[in-house]
Structure formats: structure tokens, C-alpha cells
Amino acid sequence: MTKDKDEAAPKKKGKFKKLLFIGVGAIALIGAGAGAGIYFGALSAHEVKPEDHYPKLVVRSDGEEAPAAEGEDKEAAPKVGTVSVPNDKFKVDPRKYEVTYYPITDAFTTNLADGSGFLQAGISLSTFYDGKVINNIKRQAVPIRSVVLMVLAEQDPALLSTSQGKQRLQRQLTAAINDVLREKEGFGGIDNVYFTSLVIQ
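Residues numbered from 1 in each chain as written. Predicted model: local features only at pLDDT ≥ 70, side-chain atom pairs only at ≥ 80, totals over all residues. Heavy atoms only, no water.

Considerations on the nonpolar core
For soluble globular proteins, nonpolar side chains are generally found buried alongside one another.
And then number 1: In terms of nonpolar packing, the biggest core is built from 32 residues, with Ile123, Leu125, Ile137, Val148, Leu152 and Ile177 touching the most fellow members.
And then number 2: At the level of elements, strand 5 (118-127), helix 2 (131-139), helix 3 (141-153) and helix 5 (163-185) are the ones that each hand at least two residues to this core.
And then number 3: At six residues, helix 5 tops the list of elements feeding residues into this core.
And then number 4: Those residues in contact with Ile123 that lie beyond four places of it in its chain are Pro103, Ile104, Phe108, Val148, Ile177, Val193, Tyr194, Phe195 and Thr196. (Core = buried A, V, L, I, M, F, W, Y, C linked by side-chain atoms within 4.5 Å. Buried < 20%, exposed > 50% of the residue type's maximum accessible area, 1.4 Å probe, protein only. Helix = DSSP H or I, 4+ residues; strand = E, 2+ residues; numbered from the N terminus. Contact = heavy atoms within 4.5 Å.)

Structure below.
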């Protein structure tokens, strides 16, 4: 009789160990599932959107420096921040953002629409966005040059002799260059086109 009791005791201990291992395993699986859910939930909460890669507006420094902490150099440059935008058609307040000018080194020369002469123009582009726009301009130099030449070739010399005609040409060039940048890079960012030289002959 005592022998039967002694054999039953180890069997009960073995069952208890099995149940304990199953319970611990189940808890570990539930914990791992919850951890994975939290991790992937956090990833999907911050999905990468196209606008995350867009150029950002550069906030204008107001010239006022924050007081330097003890031991810091008083000549430290003021901090300049950037602002994300939903698209490149965002209305920019020029008083709030830094402007960057990018000169196109070679002048543009083309025959005029009526065949009576030619037009030579030097231009510089302006943007309120960070260096990504300048990099996009450099990368797309060939299609930009092509579209500028096409716009210039369509001009009427009589209109270009007036300031309204020149302003109209500025708007046409700005739109054409932004169209190229939107098509090739997904973002325009050119605020205006300025003439550095303009010769009609």
C-alpha cells in the first residue's frame, strides 16, 4: 500500500511540472504577440508619407540672438529652423522665410517667334526652400534648359519691350521650371525667375 502511494507522488509532480511549462510558454507567447503588436502599431502610426521627403521652408533668422549661456561664444549664429509643407503650391510669406538665389551660369539664346531676330537672357532662380530644391535644379539642368529655351522662343519682341511683357515672361518661366521639377522630382519650389541680362536683337 505504501509502495502505491510513493509511485503516485512522483506522477503528480511530473504533471505539475508539465502544466507549469505549458503555462509559462503560453504567457511568453502572449507577451511576444503583444510586444509585436505594439511595435508594428508604432511603425504604422508613423507611416512615411511623400511629403516627409519634400524640401522644407527655411525660417528667416530675425537677427536677434538668444542670450549666450555662461562659457558659450557670444558670436554663435542664431538658430534657423525649417517648416514642412503639404505640397509645393503652399502660399509662402516672403517676410517669414529665407530666400536663396541660384544663378543659371550660361545665358539662353534663341530665335524669336516671328523670326525677326533673337533673344538672349541670363536668369537666376529664387526659392524659399532648403537645399533639396537647388539639388533638384542641378539634377534636372538639361530638361530645365530645354523648357526655358522653348518658352523664350515663343515670345513676341513687341511685348518684351514693355515691363508687363517681361513680368509675364517671368511668370511663364517660373511655371515651366516648376512643371519640370514636379514631373521629375515630385516637387517644384521655385518662387520666381529673375533676369540677370536680357538682350533682344
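Notes on the environment of Leu125
And then number 1: When you line up the elements, Leu125 lands in strand 5.
And then number 2: Along the backbone, Leu125 and Ile177 are 52 residues apart, and their C-alpha atoms lie at a distance of 9.5 Å.

Quick look at the confidence of the model for the protein chain
And then number 1: On average, residues of the protein chain score 80 in pLDDT, and 70% of them reach the 70 mark or higher.
And then number 2: Low pLDDT, under 50, characterises residues 64-79; the stretch is placed with seven contacts to residues that sit more than four places away or in other chains. (pLDDT = per-residue confidence, 0-100.)

Notes on the side chain of Thr127
And then number 1: The topology assignment puts Thr127 in strand 5.
And then number 2: Judged by relative accessible area, which is 1%, Thr127 ranks as buried.
And then number 3: From its side chain, Thr127 meets the backbone nitrogen of Tyr129 in a polar contact 3.1 Å long.
And then number 4: Ignoring sequence-local partners within four residues, the contact set of Thr127 consists of Glu98, Val99, Thr100, Val133, Ile134, Gly189 and Asp191. (Polar contact = N/O pair within 3.5 Å; in protein donor to acceptor, adjacent residues only side chain to side chain.)

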